[in-house]
Amino acid sequence: MTEEIRLSDGVLAEEIRVVEHYSAWILNKVGEGARVLGALRDAGVNLIAFWGYKHGAGRAQLEFIPEDSATFVAAAKQAKLRVSKSTALYIHGDDRPGAIADILTKLAGARISVAAVQAVCSGGGSYGTIVSLPPAAARKAASVLAAA
């Protein structure tokens, strides 16, 4: 859904989407991440977002936000990758100081608890963020952020 978020300094058009967020654990060894991402690439999976990090002794955790969940799930199964699913918001728009602070302030004002946040500036004057939420809160959070 594309909505406008009203901010204290005016109106900024931002896209807000409820997305499926997948997590997987792999061995933390050289080339394993490349193997997984190569398998997804070869299956035609387009990722909106991806990040990974060490998670315990000898393990790494990978996080995926795919453009098409069905394609991703089929490719993950083919790559023998066990995934768990949760819900998140994908938000992107024009970069400005405090963009993420404004989002978190609106969610806090609606008493919506956030599980995790990742954000990045693309360098072209825009930013993107993934806000991980409990599944029951995702649609409410999208509505809160889209409200004028």
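Scroll up for the structure.
Model, not experiment: these values are computed from the prediction. (Residues numbered from 1 in each chain as written. Predicted model: local features only at pLDDT ≥ 70, side-chain atom pairs only at ≥ 80, totals over all residues. Heavy atoms only, no water.)

Enquirer: What is the right way to look at the pairing of strand 4 (residues 59-66) in this model?
Expert: Along a regular strand, successive side chains alternate from one face of the sheet to the other. The buried fraction of strand 4 is high, at 7 of 8 residues. By the bridge criterion, 7 bridges tie strand 3 (residues 47-54) to strand 4 in an arrangement that is antiparallel. In the sheet register, Gly52 faces strand 4, and the bridge partner there is Leu62. Taken together, strand 3 and the strand that follows it, strand 4, pair antiparallel across an intervening segment of 4 residues, in which Gly56 is found at a positive phi of about 85 degrees. (Buried < 20%, exposed > 50% of the residue type's maximum accessible area, 1.4 Å probe, protein only. Helix = DSSP H or I, 4+ residues; strand = E, 2+ residues; numbered from the N terminus. Pairing = 2+ DSSP bridges.)

Enquirer: Would you explain the environment of Leu62 in this entry?
Expert: The residue Leu62 is located in strand 4 in this model. Each C-alpha atom of the pair Leu62 and Gln78 lies 17 Å from the other, and the pair is 16 residues apart in sequence. Each residue touching Leu62, except ones within four places of it in the same chain, is listed here: Tyr22, Ser23, Ala24, Ile26, Val36, Phe50, Trp51 and Gly52. (Contact = heavy atoms within 4.5 Å.)

Enquirer: Just to check I follow, could you spell out the environment of Asp95 for this structure?
Expert: With respect to the helices, strands and loops of the structure, Asp95 is situated in the loop between strand 5 (83-94) and helix 3 (99-109). Asp95 gets classed as partly exposed once you look at its relative accessible area, which sits at 38%. Separated by 16 residues in the primary sequence, Asp95 and Arg111 have C-alpha atoms spaced 25 Å apart. The contact partners of Asp95, leaving out residues within four places of it in the chain, are Cys121, Gly125, Ser126 and Tyr127.

Enquirer: When you look at the packing of aromatic side chains in this model, what are you seeing that I'm missing?
Expert: Each aromatic ring pair is specified by the distance between its two centres and by the angle formed by the two planes. Per the counting criterion, the structure on display carries 3 aromatic pairs. Centre to centre, the rings of Phe50 and Phe64 are 5.3 Å apart; their planes meet at 45 degrees, and the pair counts as tilted. Here the residue Phe50 occupies a position in strand 3, and Phe64 occupies one in strand 4, the gap between them amounting to 14 residues. The exposure class assigned to Phe50 is partly exposed, which follows from its relative accessible area of 33%. Take Phe64: its relative accessible area is 0%, and that puts it in the buried class. Plain terms: the ring middles of Phe64 and Phe72 are 5.0 Å apart, the flat faces sit at 45 degrees to each other, and that makes the pair tilted. The rings of Tyr22, Phe50, Phe64 and Phe72 are connected pair by pair, giving a single aromatic cluster. (Phe/Tyr/Trp six-rings, centres within 6.5 Å; stacked < 30°, edge-to-face > 60°.)

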